[in-house]
Every structure is written in structure tokens, then in C-alpha cells.
Amino acid sequence: LSKLEDVQVEMFEKARELFQLCDKDEKGFITKVDMQRLQSELPLTLEQLETVFDSLEQNNNGYLTPVEFSMGLGKLIGIELCQGAGRMDHSRHEETFESGWSDDLDPTDDDEEKRFCSMMEQLGAAHMFEDPREIRELWARLRKERPELLSNFEEFLLHVSSYIREVNHEKESMEQALKRKETDHDREVRCLYEEMEQQIKAERERLICQEALRHDRSNLLQKELRSKEQELEKILYRQKKLEHQLQSLNSEQLETRVQNERLRHLNENLLEELEKSKWELEAVKGQLQKLQKEAHLEQEQKDR
């Protein structure tokens, strides 16, 4: 169990160094662009690094935290970080991530080099990495110190190599599809160009015919314009005549309006006199009734 913890500490320390190399800005996380900085440290191309980033990214959020990065690397090579004595918790993982690592490896001999090359050939990863020295060093360390983990590491290399080959195959397929599309596009462009030339020729002939028809129609329209101008002159003459008549009617209306205003004033005066006469008549009527009552009373007195 102590040896397992030592291996975990070493793996976490190596992951910490790789993470700090990517996170030069000290953001606390790394993106796919940051991970491209490992190209000088690992024998991987940019496309292969992007492939490894996609395999480590679990939440699809576009970045990796230190714990995700270290635990992802551990799981990829088959080291179960949550097993063993004491069942290390999350805080233990973070402490292990900050622990030390020693990169001093024992020199390998020719037999180990041959075995490593043979293993890479069997896995189909011999020509997959540009500089496999770090992979060979890690393989040699696991072979000496943790041989039971060597199969897991080789399986990890097999998965990575297979995934990279699939990506390369898809890339080649896409390139071939793009080439076919470019060829089809060029052929379609040529066909469209020929069709356009025919359409331009037909359009030119149609425009020539339209120009002749337009010339004939222009002459006809000029004749019609002259006749319309003559009609317009007649209409203008009639308009002037109507304007004179309208002015005379306006003057007559003005005189009529003045007379109506005079009649209105006269009517108002007559109404006032009529009201005055009514009032006087009512007063006379009241006096007459009063006199009649007095005469009636006098006649009754005389009778008595």
C-alpha cells in the first residue's frame, strides 16, 4: 500500500509539473490552447495534445482544473486513485498533487530499448510520437518499480494510439472529401460559367431587340406628347376662363354676404322693438285690468 501511495505521489507530482507548465498565467485551470505548450515537453503533436485534452475533459466545460488534470492522467494509465489503504479523499489528492517528484531515472540498457521499441511496434505507436523518450523513461520506471502497472500503461498507450489513428483517419477522410468537393465545385463553376455566357449572349440579343422596339416606341410617344401638349394648352385656356368666372362669383358672393349682414342687423333691431312693444303692451294691459277692477268696485258701491 505504501508503494502504491508513492506511485500516486509521483504521478501527481509529474501532473503538477505539466499543469504548471501549461498554466503560466496562474489562472488555476488550463484550456486546450494552454495544453499546446506541452508540445516541447512531450513527444506529441498539437493534434495529439488536443486529443488527450478531449479524453481528460469530463464535464465538457472547456477547461481542466488541477485535480481533474492529475486524476484524469492517473485514470488513463489505470491507477485507481481512490483505492488502497485509507481510501484517500479529495484533500489527500490535493496534498499529493503538491508533493515532490524526482525525475532521476536509472539509465536503460540496449535490451530495454529493444523491448520498448518492440512494445511500441506491437501497440502500433512506434511512429505515433515525435520524441518517445519520456514515454520510454516512464515505461522503464514502471517496469522496475511497479511491474503490475505496466500492462495498464501499455493499455493506455494503446488507447491513445488508437484514438489518434482514428482522428488521423477522420482527418484524411475529411481532406479527401474536401478535395472531392473542390473538384465538384470547380466542375459546377465551369458549367455555371458556360451557362452564364449563353445567358449573356441571349440577353445581349434581347437587349438589341428591345432597343429597336424602344426607338419605335419613342417616336410614337413623341407624337402623342405633342398632341397632349396641344390639349394641355386648350385646358389651360379653359382654366383661365373658369378662374375669371370664379372671381366674378366670389365678388357676387361677397356682396350677398354684406347684404345678409345688413338684413341680420335690421332683423335684430326689429326684434328688439317688438320685445319693447310687447313689454309696453303688457304694462298697458295691467293698468287696464286695474282700472276695470276699480270701476267694478265703484259700480258695486253705487248699487249698494
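- As recorded in an unreviewed UniProt entry, the protein goes by EFC4A protein and comes from Podilymbus podiceps.

## Digging into the pattern of salt bridges
So, point 1. Applying the stated criterion across every chain, the model contains five salt bridges.
So, point 2. As a salt-bridge pair, Glu203 and Arg206 come within 2.0 Å of each other at their nearest N and O atoms. Remark: Arg206 and Glu203 occur in helix 8 (residues 150-303); sequence separation between them is three residues, near one turn of the helix.
So, point 3. Given the relative accessible area of 33%, Glu203 is considered partly exposed.
So, point 4. When the shortest N-O distance is used, the salt bridge between Glu261 and Arg264 registers 2.2 Å. One end of the pair, Glu261, and the other, Arg264, are both in helix 8, three residues apart, so they sit about a helical turn from each other.
So, point 5. Residue Glu261 is classed as partly exposed on the basis of its relative accessible area, which comes to 36%.
So, point 6. Shared partners join several salt bridges into a network, and the residues in it are Glu261, Arg264 and Glu268.

## Side note on the nonpolar core
So, point 1. Ranked by internal contacts, the top residues of the largest apolar core, which has 14 residues, are Ile30, Met35, Leu38, Val52, Leu56, Leu64 and Phe69.
So, point 2. Elements represented by at least two residues in this core include exactly helix 1 (2-22) and helix 3 (46-56).
So, point 3. Non-local contacts of Ile30, meaning those with residues more than four positions away in its chain, are made with Phe19, Cys22, Asp23, Phe53, Gly62, Tyr63, Leu64 and Phe69.
So, point 4. In this structure, Trp139, Leu149, Phe153 and Val160 belong to the second largest nonpolar core, which totals twelve residues.

What counts as what
- Residues numbered from 1 in each chain as written.
- Predicted model: local features only at pLDDT ≥ 70, side-chain atom pairs only at ≥ 80, totals over all residues.
- Heavy atoms only, no water.
- Salt bridge = Lys/Arg side-chain N within 4 Å of Asp/Glu carboxyl O.
- Helix = DSSP H or I, 4+ residues; strand = E, 2+ residues; numbered from the N terminus.
- Buried < 20%, exposed > 50% of the residue type's maximum accessible area, 1.4 Å probe, protein only.
- Core = buried A, V, L, I, M, F, W, Y, C linked by side-chain atoms within 4.5 Å.
- Contact = heavy atoms within 4.5 Å.

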